[in-house]
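Single-letter residue listing:
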Amino acid sequence: MNSMFMAPVTRMRDGLVARRFRPTDIRSLLGVWVNYDGASSGICRIEIGDWENIPTVRVFGAARPVPVDWGEVAGAAFTDGTGTGAVAFDASYDFGHLTVLLAGCLEKRLLMVDTFSTFTDSSGRANYYQRDRFYLP
Amino acid sequence: MAALGYRRAEDRLPEHAEAPGGELDPAALLGDWFATDHRATGIVKLELTRRDGVLYVRAFGANGAKPYDLARSYDWGEIEATLYGSAVTGTDAVACSAVYDFGFLVSILVAHLERGVLTVDTFNTFTDASGRSNYYSREFFHR
């Protein structure tokens, strides 16, 4: 019995995923991703960089007259479980009054990013979900 | 009144709109959700319930040689989830998130409802020494 079989699982798929003999290849995520919807009120662009094979995420929120730079945070890359190429990432921001979880995945050369925003202030605003779609120009 | 902090236009309240305050109504999310893929190797069932104003998620992972074997599925247990509306003025929940920490694996679970289908993404990070790749999966559920 090999040791992989002994590894604990929470679902069948956990036992099927590949061992990471090689690091996750994050190149598919890298670049300056621009929102297809130029009028989006959410995120207008995302810059994903490479810091020792960890994706760095820098978000620019849609605002006038200029977008709001959210700053750079470390994200995490995920494969599809079989290959070594990254197909998804996540990252989170904590602004003090607001936390935002970013959950992004590649789909046919398009980066779909869902944001889950939780207000931690007393403004009474509802936590909200939003999806934006991005491309590499 | 102090200006509300924001990081994008969507965070701002529309002119003349008031913040809804209170809790989001989770009614649209509640219930038992079953994987649309009867050969799913990921999550086969999700139970979303509310108690004392809190949303709880209970996931069941695929297990067994037979496809869609709910009786033998892995019960992940019940954990608290966070609800999200569609905007800062929203009153009805359309999405939720939760984090399972199994000790050897952390699974971030995010779900949103669209036209009667619950789309669930999991971002799975192994914290043990098994060498398994961190992986992402997307699955669809119906009631």
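For every chain, the first residue of its written sequence is number 1, and the numbers climb from 1 along that sequence. All chains are assigned letters beginning at A, and all ligands numbers beginning at 1, according to the order in which they are written. With the structure being a predicted model, the display of local features is reserved for residues of pLDDT at least 70 and the display and counting of side-chain atom pairs for 80 or more, all residues being used for whole-chain, interface and lining totals. The basis for every side-chain value is the complete set of heavy atoms in the structure, and neither hydrogens nor water enter the calculation.

Draft legend 1. Up close: the overall build of chain B. When helices and strands are tallied, chain B shows zero helices and eight strands. In DSSP terms, a helix is any run of H or I states spanning at least four residues, a strand is any run of E spanning at least two, and both are numbered starting from the N terminus. Going residue by residue from the N terminus, the α and β elements of chain B occur as β-β-β-β-β-β-β-β. Note on exposure labels: buried denotes an accessible area under 20% of the residue type's maximum, exposed denotes more than 50%, and partly exposed covers the range between, all computed with a 1.4 Å probe on protein chains only. Relative to its full complement of 143 residues, chain B shows a buried share of 47%. Residue-level accessible areas treat just the shown protein chains as cover; the underlying method is Shrake-Rupley with a 1.4 Å probe. Accessible surface, chain B as shown: approximately 6800 Å² in total, 49% of it carbon and sulfur. Within chain B, one finds 14 positive and 20 negative side-chain charges whose respective centroids are separated by 6 Å. Counting rule applied: Lys, Arg positive; Asp, Glu negative; His and chain ends not counted. Just so you know, the charge point we use is NZ for Lys, CZ for Arg, CG for Asp and CD for Glu.

Draft legend 2. Inspection of the environment of Gly 53 of chain B at higher detail. Residue and element names in this part refer to chain B. Inspection of the secondary structure puts Gly 53 in the loop between strand S2 (43–51) and strand S3 (54–61). Assessed through its relative accessible area of 41%, Gly 53 is described here as partly exposed. Separated by 30 residues in sequence, Gly 53 and Glu 23 have C-alpha atoms that sit 7.8 Å apart.

Draft legend 3. Seen up close, the pairing of strand S7 (residues 98–107) of chain A. Residues and elements named next belong to chain A. The buried count for S7 comes to seven of 10 residues, which makes it a mostly enclosed element. Pairing between strands is defined by DSSP: at least two bridges between them are needed. Both strand S6 (residues 88–94) and S7 contribute to a ladder of seven bridges, which runs antiparallel. Paired with Phe 89 across the bridge in S7 is Gly 104. Pairing of S7 with strand S8 (residues 110–119) involves 10 bridges; the strand directions are antiparallel. Opposite Thr 99, over in S8, you have Thr 118 as the bridge partner. Where S7 folds back onto S8 in an antiparallel hairpin, the turn is made up of two residues, including Lys 108, whose phi is positive at roughly 50 degrees.

Draft legend 4. Looking closely at the packing of aromatic side chains. Aromatic pairing here means that ring centres of Phe, Tyr or Trp (its six-membered ring) are within 6.5 Å. Orientation follows from the plane angle: under 30 degrees is stacked, over 60 is edge-to-face, and everything else is tilted. This model, assessed by the stated rule, comprises 14 aromatic pairs over all chains. Centre to centre, the rings of Trp 76 of chain B and Phe 102 of chain B are 5.1 Å apart; their planes meet at 80 degrees, and the pair counts as edge-to-face. In this pair, Trp 76 of chain B is assigned in strand S4 (residues 74–84) and Phe 102 of chain B in the loop between strand S5 (95–101) and strand S6 (105–114), connecting sequence segments 26 residues apart. Members of the aromatic cluster, joined through ring pairs, are Trp 76, Tyr 100, Phe 102 and Phe 104 of chain B. A cation over a ring is seen here: Arg 45 of chain A above Phe 60 of chain A, with NZ or CZ 3.8 Å from the ring centre. For a lysine, the NZ atom is tested; for an arginine, the CZ atom; a charge sits over a ring if that atom is within 6 Å of the ring centre and within 35 degrees of the ring normal.

Draft legend 5. Region of the structure containing the confidence of the model for chain B. Looking at chain B, pLDDT values average 93 and 97% of them are 70 or higher. Complex prediction metrics read pTM 0.92 and ipTM 0.90. Scored from 0 to 100, pLDDT records how confident the predictor is in each individual residue.

Draft legend 6. Quick look at the sheet that holds S6 of chain B. All names here are of chain B. Judged by pairing direction, the barrel is antiparallel, and its eight strands sit side by side in the order S1-S2-S3-S4-S5-S6-S7-S8 before closing back on the first. On average, each strand axis in the sheet is inclined to that of its neighbour by 30 degrees, with strand direction left out of account. Where strand S7 (residues 117–126) and strand S8 (residues 135–142) come together, seven bridges link them in antiparallel fashion. The residue bridging Phe 123 from the neighbouring strand is Tyr 136, located in S8. For helices, the axis comes from a line fit to the C-alpha atoms of the stretch in contact; other axes are also lines fit to C-alpha atoms, and the angle between any two N-to-C directions lies between 0 and 180 degrees.

Draft legend 7. Representation of the interface of chain B and chain A in the model. With 56 residues of chain B at the interface, the matching set in chain A holds 56 residues. Across the chain B/chain A interface, buried area totals approximately 4600 Å², and carbon plus sulfur atoms make up 58% of it. Salt bridge criterion: a side-chain nitrogen from Lys or Arg within 4 Å of a carboxyl oxygen from Asp or Glu. A salt bridge links Arg 138 of chain B to Glu 107 of chain A, with the nearest nitrogen and oxygen atoms 3.5 Å apart. The term polar contact refers here to a pair of N or O atoms within 3.5 Å; inside protein, the definition further demands a hydrogen-donor-capable atom paired with an acceptor-capable atom, and it admits residues adjacent in sequence only when both atoms are side-chain atoms. Applying the counting criterion to the chain B and chain A interface returns 30 residue pairs in polar contact (both at pLDDT 80 or more). For the side of chain B that touches chain A, the secondary structure elements donating two or more residues are S4, S5, S6, S7 and S8 of chain B. Under this grouping Gly is polar, as are all residues other than the nonpolar Ala, Val, Leu, Ile, Met, Phe, Trp, Tyr, Cys and Pro and the charged Asp, Glu, Lys and Arg. Tallied by class, the residues present in the side of chain B that touches chain A amount to 27 nonpolar, 21 polar and eight charged. Should any heavy atoms of two residues lie within 4.5 Å, those residues are counted as being in contact. As used here, buried area is the combined drop in accessible area, with a 1.4 Å probe, of two parts when they are placed together.

Draft legend 8. Inspection of the state of the cysteines at higher detail. The disulfide definition used here is simple: a pair of cysteine sulfur atoms within 2.5 Å. Summed over all chains, the structure comprises zero disulfides over all chains. Not engaged in a disulfide, the cysteine Cys 105 of chain A finds its nearest cysteine sulfur in Cys 96 of chain B; these two sulfurs lie 17 Å apart. Judged by its relative accessible area of 2%, Cys 96 of chain B is buried.

Draft legend 9. Focus on the pattern of salt bridges. A complete count under the given rule lists 14 salt bridges over all chains for this structure. Here Asp 25 of chain A ties to Arg 27 of chain A by a salt bridge, and the two come within 2.6 Å at their closest N and O atoms. Relative accessible area serves as the criterion here: at 62%, Arg 27 of chain A is assigned to the exposed category. One network of salt bridges, with partners in common, ties together Glu 107 of chain A together with Asp 121 and Arg 138 of chain B.

Draft legend 10. Layout of the nonpolar core. Within this scheme, the nonpolar core is defined by two criteria: the residues are buried Ala, Val, Leu, Ile, Met, Phe, Trp, Tyr or Cys, and they are joined through side-chain atoms within 4.5 Å. Ranked by internal contacts, the top residues of the largest apolar core, which has 28 residues, are Ile 43, Leu 46, Leu 118, Val 120 and Phe 141 of chain B. Of all the elements in the fold, those that place two or more residues in this core are strand S1 (31–35), S2, S3, S4, S5, S6 and S7 of chain B. Those residues within four positions of Leu 46 of chain B in sequence are excluded, and the remaining contacts are Gly 31, Asp 32, Trp 33, Val 57, Arg 58, Ala 59, Leu 109, Leu 118, Val 120 and Phe 141 of chain B. Membership of the second largest hydrophobic core comes to 26 residues, among which are Leu 29, Phe 95, Leu 98 and Leu 111 of chain A.

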